[in-house]
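Reading the structure
The lines below spell out each chain.
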Amino acid sequence: GAGVSQSPSNKVTEKGKDVELRCDPISGHTALYWYRQSLGQGLEFLIYFQGNSAPDKSGLPSDRFSAERTGGSVSTLTIQRTQQEDSAVYLCASSPLAGGRETQYFGPGTRLLVL
Amino acid sequence: AQSVTQLGSHVSVSEGALVLLRCNYSSSVPPYLFWYVQYPNQGLQLLLKYTTGATLVKGINGFEAEFKKSETSFHLTKPSAHMSDAAEYFCAVSRGQAGTALIFGKGTTLSVSS
């Protein structure tokens, strides 16, 4: 079956511009996660969505970062006024259910470069 | 709070040799532990996980890991390395609450030489 898909696969932007990154989770998966993978920081949790519950935003590094999940499916991560330190690979993952023991299925990521 | 330490950012082995990638965790609650593999320019793929029950966990591609509570370890092993095993490996622990994210180690890059 189809896995998690992300678009675009690569994004180059200028400092100060806004960017939107999209994630299509596996159909039927109720939980959706965003992570950031960078050379200096490794893999970091950003935000988590579960059904209709309020998202867990505890990993967002600043108020320039926001995310939404429409209709319990597709999610968009928005970075406003991008900075060079935002350059990283942004990974989306989904799991069938919420819960710490659930396997998370990862997409291929969006590689963001801020010039 | 949970944390993960992977000892050795790079490990090199010869084809056919034992693979041992080390992972130690810190958790204030019974942990759920995961090993993921990442091939170049790809997302992460689950190798195996420990939740409860048998402490020796077998995964895909001949990998296995043993949960040792007394040592707070979850080391990944494979008896005989293949060239195709060259990748980056991440150990992760769940935050242990319902519906929470993973906390990852810094990763270990495995190189396999012929």
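Residues numbered from 1 in each chain as written. Chains lettered and ligands numbered in written order. Predicted model: local features only at pLDDT ≥ 70, side-chain atom pairs only at ≥ 80, totals over all residues. Heavy atoms only, no water.

What follows covers the state of the cysteines. Taken as a whole and assessed by the stated rule, the structure comprises 2 disulfides over all chains. Across the disulfide from C23 of chain A sits C92 of chain A; the S-S distance is 1.8 Å. Negative torsions about the S-S bond denote left-handed disulfides, and the value of about -65 degrees found for C23 of chain A with C92 of chain A makes this one left-handed. With C23 of chain A in strand β3 (residues 19–24) and C92 of chain A in strand β8 (residues 88–95), this pair connects stretches of sequence that are 69 residues apart. We note that C23 of chain A, like C92 of chain A, is buried. A disulfide bridge connects C23 of chain B with C91 of chain B, and the sulfur atoms are separated by 1.9 Å. With the S-S dihedral at roughly -65 degrees, the linkage between C23 of chain B and C91 of chain B falls on the left-handed side. Taken together, the positions of C23 of chain B in strand β3 (residues 19–26) and C91 of chain B in strand β9 (residues 87–94) put the pair 68 residues apart, joining distant regions of the chain. (Disulfide = S-S within 2.5 Å. Helix = DSSP H or I, 4+ residues; strand = E, 2+ residues; numbered from the N terminus. Buried < 20%, exposed > 50% of the residue type's maximum accessible area, 1.4 Å probe, protein only.)

A contiguous nonpolar patch, built from V12, L113 and L115 of chain A and spanning about 280 Å² of accessible area, is present on the exposed surface. Here V12 of chain A is to be found in strand β2 (residues 10–13). (Patch = residues over 30% accessible without salt bridge, like charges linked within 9 Å, V, L, I, M, F, W, Y side chains within 5 Å. Areas by Shrake-Rupley, 256 points an atom, 1.4 Å probe, with all protein chains shown as cover. Salt bridge = Lys/Arg side-chain N within 4 Å of Asp/Glu carboxyl O.)

Our next topic: the interface of chain A and chain B. Taken together, the contacts link 23 residues of chain A with 23 residues of chain B. Of the roughly 1,800 Å² buried where chain A meets chain B, counting both sides, 50% is carbon and sulfur surface. The tally of links between chain A and chain B comes to 7 residue pairs in polar contact (both at pLDDT 80 or more). Looking at the side of chain A that touches chain B, the elements with two or more residues in it are β4 (31–38) and β5 (42–50) of chain A. When residues in the side of chain A that touches chain B are grouped by element, the largest group, 4 residues, is from β5 of chain A. Each residue belonging to the side of chain A that touches chain B can be placed in one class, and the counts come to 9 nonpolar, 10 polar and 4 charged. (Contact = heavy atoms within 4.5 Å. Buried area = accessible area lost by both parts, 1.4 Å probe. Polar contact = N/O pair within 3.5 Å; in protein donor to acceptor, adjacent residues only side chain to side chain. Nonpolar A, V, L, I, M, F, W, Y, C, P; charged D, E, K, R; others polar.)

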